[in-house]
Amino acid sequence: MPSLDDLRKRITSVKSTQKITKAMKMVAAAKLRKAQENAEKGRPYSEKMNNIILNLSAGVSDPQSAPKLLVGTGKEDVHLCVVLTSDRGLCGGFNSNIIKKAKNYFEKTQKEGKSLKIITVGSKGYDQLKRQYGNSIIENISFKESKNINYFDAAKVGNLIIEKFQNEEFDFCTIFFNKFKNVISQIPQAQQIIPLENENKDKDEKLDSSYEFEPDEDEILSNLLPKNISTQIFKAMLENSASEQGSRMTAMDNATRNAGDLVDKLTIQYNRSRQAAITKELIEIISGAESL
Amino acid sequence: MDQFNLEIISPEKSFLTKSDTEEVVIPAIEGYMGILKDHIPLISFLKPGIIDVKSKNEILNYYVDDGIVEFKDNTLSILTSNIFDLKEMDKNKVDKIVKDAEEDLKKENIKDHERYILDQKIEVLNSIKSN
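Residues numbered from 1 in each chain as written. Chains lettered and ligands numbered in written order. Predicted model: local features only at pLDDT ≥ 70, side-chain atom pairs only at ≥ 80, totals over all residues.

On to the overall build of chain A, then. Along chain A, the regular secondary structure elements total 6 helices and 6 strands. Its C-alpha atoms give chain A principal-axis dimensions of about 110 × 40 × 35 Å. Counting every position in chain A, which comprises 292 residues, the buried fraction comes to 32%. At a minimum sequence separation of 6, the contacts of chain A that also span at least 24 residues come to 79%. (Helix = DSSP H or I, 4+ residues; strand = E, 2+ residues; numbered from the N terminus. Buried ≥ 20, exposed ≤ 12 C-beta atoms within 10 Å, placed from the backbone. Contact = placed C-beta atoms within 7 Å.)

The structure is reproduced here in structure tokens:
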């Protein structure tokens, strides 16, 4: 049985933790609104870009001459995985969900006997992966300094990927991130960006092939594809930041509630033991008086 | 005049959407290009230059650095990462971009294509300044 003093100390400490989590929840909620707005505003650009590329690639007649970024190198030996996580913790299952998804993929790839290269964006992902996959991690990028997510950062990652692709360091590239669905649910996603996967493959859409191109098709494609990679990464970063804030908000909300429950429980325990002490003293006095 | 839709989208947000556009002049990579309603489907790139958007009541002018243009089903989509309203551009900003471009031009290892783009950029910006 803890002493009264211990209980009192415990209650104060839980209360102050609750204050912190409550504040964090409110900060996350404020940031979430902005991040969500940004993510939603950024969607049209990446969708449009994808559409244009799909229209273009539908018009490519000869896969032999098509840019390699579109059709792949023809080999399947080396897989590059770009794992996008946050730089900060205390956001519930946000990072672990991405890592879990990525690890599944890693295991599958390694079972198939293919080699693996990993780029981590965000320090939390690096921390969680370095023990098991430390040898495969070729780059660890973190944007702790940039306050907001900007296209410039995404382009840096994109250019790095393209450079490595041109040096034939890998054949496949997949990015991992959390797609923001709503505040409570974020879905970890794996999206293949090299070679480009046609998401609407099943839809047998008749495409307008009567486009006028200026300059010619190949040149447009070879210019557009690298841009698209940066755009997809930018989109992933935006979705990620909205998801991170959403996840943190829920986690901190839970923590605040748990702290409240704990304070209630401790207070009851405190009151009971105080009462017990008083009763004990009274009994001692009474029995002392009786014995006289 | 017949009207068509225009959307200008930047990575961060949807910059402008209009449904009463009558004519748009864009700085396509191989020269300025005017677009009216019922233009045939088109995909092209932009070079640094000025976009003129004409609608019934107003004329808007924007400066762009680069971008992609698609015209389809009477909707003109312009994807660009760098776009400014000419009215909101002040002299200092223009000067800074020109300076950056001139500095890039001085580098020795740039390709002819890049040189062309940078030359264009400086020329356009200087013409903005003199107006």
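Back to the text.
So, on to the domain arrangement of chain A. A common way to state how big an interface is: give the accessible area lost once the parts meet. Residue and element names in this part refer to chain A. Per the domain assignment, the segments of chain A are domain 1 (4-21 + 252-286) and domain 2 (35-199 + 212-251). Just the C-alpha atoms count here: the centres of domain 1 and domain 2 sit 49 Å apart. Taken together, the contact pairs 4 residues of domain 1 with 4 residues of domain 2. In the side of domain 1 that touches domain 2, the residues fall into 2 nonpolar, 1 polar and 1 charged. (Domains from an automatic or database assignment. Nonpolar A, V, L, I, M, F, W, Y, C, P; charged D, E, K, R; others polar.)

Residues and elements named next belong to chain A. Core analysis: the biggest nonpolar cluster contains 77 residues, and Val82, Val83, Leu84 and Phe176 have the highest contact counts within it. When residues in this core are grouped by element, the largest group, 14 residues, is from helix H6 (residues 217-290). Aside from chain neighbours lying at most four places away, what touches Phe176 is Cys81, Val82, Val83, Leu84, Ile98, Lys101, Ala102, Pro188 and Ala190. (Core = buried A, V, L, I, M, F, W, Y, C linked by C-beta atoms within 7 Å.)

Turning next to the domain arrangement of chain B. Residue and element names in this part refer to chain B. Segmenting chain B into domains produces domain 1 (4-84) and domain 2 (90-130). Centre-to-centre, using C-alpha coordinates, domain 1 lies 22 Å away from domain 2. The partner domain 2 presents 5 residues to the 5 residues of domain 1 that form the contact. Considering only residue class, the side of domain 1 that touches domain 2 consists of 3 nonpolar, 1 polar and 1 charged.

Turning our eyes to something else, we now look at the pairing of strand E2 (residues 14-28) of chain B. Residue and element names in this part refer to chain B. Note: strand E1 (residues 4-9) against E2, 5 bridges, orientation antiparallel. Pairing of Ile9 across the sheet is with Ser14, part of E2. Hairpin connection from E1 to E2: 4 residues lie between these consecutive antiparallel strands. Taken together, the 4 bridges between E2 and strand E5 (residues 49-55) define a ladder with antiparallel strand orientation. In the strand pairing of E5, Val24 is matched with Val53. As judged from the 5 bridges shared by E2 and strand E3 (residues 31-35), these two strands associate in the antiparallel manner. By the bridge assignment for E3, Ile26 is matched with Met33. Linking E2 to E3, which pair antiparallel, is a turn of 2 residues. (Pairing = 2+ DSSP bridges.)

Residue and element names in this part refer to chain A. Direction vectors running N to C along helix H1 (residues 4-58) and H6 enclose 160°, while the axes themselves pass 5 Å from each other. Of the possible angle classes, the one that applies to H1 and H6 is roughly antiparallel. Where H1 crosses over H6, the handedness of that crossing is left-handed. Taken together, the residues of the contact of H1 with H6 break down into 29 nonpolar, 18 polar and 12 charged. (Axes fitted to C-alpha atoms, helices over the stretch in contact; angles between N-to-C directions. Parallel < 35°, antiparallel > 145°, perpendicular 65-115°, else oblique. Left-handed = near helix turned anticlockwise from the far one by under 90°.)

Glancing now at the interface of chain A and chain B. Listed by partner, the interface residues are 22 residues for chain A and 21 residues for chain B. The set of elements that each furnish at least two residues to the side of chain A that touches chain B consists of H1, strand E6 (212-214) and H6 of chain A. By residue number, the principal contributor to the side of chain A that touches chain B is H1 of chain A, which donates 9 residues. In terms of residue class, the side of chain A that touches chain B is built from 12 nonpolar, 5 polar and 5 charged. Relative to strand E4 (residues 42-46) of chain B, E6 of chain A runs parallel, the two being bridged by 3 bridges.

It is worth spelling out helix H2 (residues 112-130) of chain B at this point. Residue and element names in this part refer to chain B. Taking 1.5 Å of rise per residue, the 19 residues of H2 would be expected to cover 27 Å, and the 27 Å separating its terminal C-alpha atoms lies within 8% of that figure. Leu118, Lys121, Val124 and Leu125 are the residues of H2 that are buried. Each buried residue of H2 lies within a common arc of 130° when the element is viewed along its axis, so the set occupies one face. Among the exposed residues of H2, those oriented more than 90 degrees off its buried face are Asp112, Asn126, Ser127 and Ser130. Buried residues along H2 sit against E5 and helix H1 (91-106). (Expected span 1.5 Å × (residues − 1). Arc of directions from axis to C-beta.)

On to the environment of Asp85 of chain B. Within the secondary structure, Asp85 of chain B is located in strand E9 (residues 83-85). Along the sequence, Asp85 of chain B and Val64 of chain B sit 21 residues apart, while their C-alpha atoms lie 9.1 Å from each other.

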